[in-house]
Amino acid sequence: MSSGTGARNALLAAPFIALIASLALFMLSIFYQDEEISNLLTVASIATLFTAWWLYFLGRRAYEKEKAAEEARGAVVTVLQCEKCGFREEREFKEGDYVFKKVGECAKCGGAWIISAIYARPLERKR
Ligand SMILES: [Zn+2]
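Cut-off values and rules
Residues numbered from 1 in each chain as written. Predicted model: local features only at pLDDT ≥ 70, side-chain atom pairs only at ≥ 80, totals over all residues. Helix = DSSP H or I, 4+ residues; strand = E, 2+ residues; numbered from the N terminus. Buried ≥ 20, exposed ≤ 12 C-beta atoms within 10 Å, placed from the backbone. Contact = placed C-beta atoms within 7 Å. Pairing = 2+ DSSP bridges. Axes fitted to C-alpha atoms, helices over the stretch in contact; angles between N-to-C directions.

*Asks:* Requested: an account of the environment of tyrosine 32, with residues and values cited.
*Replies:* Secondary-structure assignment places tyrosine 32 in the loop between helix H1 (2-31) and helix H2 (35-74). Exposure remark for tyrosine 32: the 15 C-beta atoms within 10 Å place this residue in the partly exposed category. Those residues in contact with tyrosine 32 that lie beyond four places of it in its chain are Ile37, Ser38 and Leu41.

If you want it as structure tokens, here you go:
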């Protein structure tokens, strides 16, 4: 979860940095006396601006993908159950979960805490 947030921040920061670089190049192009260099800087500024837009587009797409994956993850439920006393708990499905996998010890009796079922919950669409 936290690594996903970090990646999301990087996706937001990259186009912002490119935008600032574009503005800096544009400022430089105004102050440069040499016309050839000035033109070159203007072109570089426009190219960087397009890069910023492209990074923003890529970032948005990755963000939406991640959000959809998160929604799908939330829709799968793992049922944990104690072999000994039958104490039952449900939680969100995690990667690597499979039925009959031993995930620890029962908090109540110390028996084997296993995954007894994995099922999909119907998606609740919020849109
Ligand atoms: Zn138990």
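Alright, that's what it looks like, and here's the rest.
*Asks:* Outline the sheet that holds strand E4 (residues 112-120), listing residues and values.
*Replies:* Ordered by their spatial adjacency, four strands build an open sheet running E2-E1-E4-E3, and the pairing between neighbours is antiparallel. Where the open sheet ends on each side, the last strands, each with one partner, are strand E2 (88-92) and strand E3 (102-105). Across the sheet, the mean angle separating the axes of adjacent strands is 35 degrees when strand polarity is ignored. Note: E3 against E4, three bridges, orientation antiparallel.

*Asks:* Give me the lowdown on the pairing of strand E1 (residues 76-82), citing residues and values where you can.
*Replies:* Of the strand pairs in this sheet, E1 and E4 are connected by seven bridges, and their pairing is antiparallel. Across the sheet, valine 79 pairs through a bridge with alanine 117, a residue of E4. Of the pairings in the sheet, the one linking E1 to E2 comprises five bridges and is antiparallel in character. The residue of E2 that forms the bridge with leucine 80 is glutamate 89. Linking E1 back to E2 in an antiparallel pair, the connection comprises five residues, with glycine 86 at a positive phi of about 80 degrees.

*Asks:* An account of unusual backbone geometry is needed here, citing residue identities and associated values.
*Replies:* Apart from glycine, the bulk of residues carry a negative phi angle, and the bulk of peptide bonds sit in the trans form. Despite not being glycine, phenylalanine 100 shows a phi value in the positive range, around 75 degrees. Checked against the element boundaries, phenylalanine 100 lands in the loop between E2 and E3. Overall, the presence of 9 C-beta atoms within 10 Å leaves phenylalanine 100 in the exposed class.

*Asks:* Give me the environment of asparagine 39: which residues, what numbers.
*Replies:* Along the polypeptide, asparagine 39 turns up in helix H2. Between the C-alpha atoms of asparagine 39 and serine 29, which are 10 residues apart in sequence, the distance is 6.8 Å.

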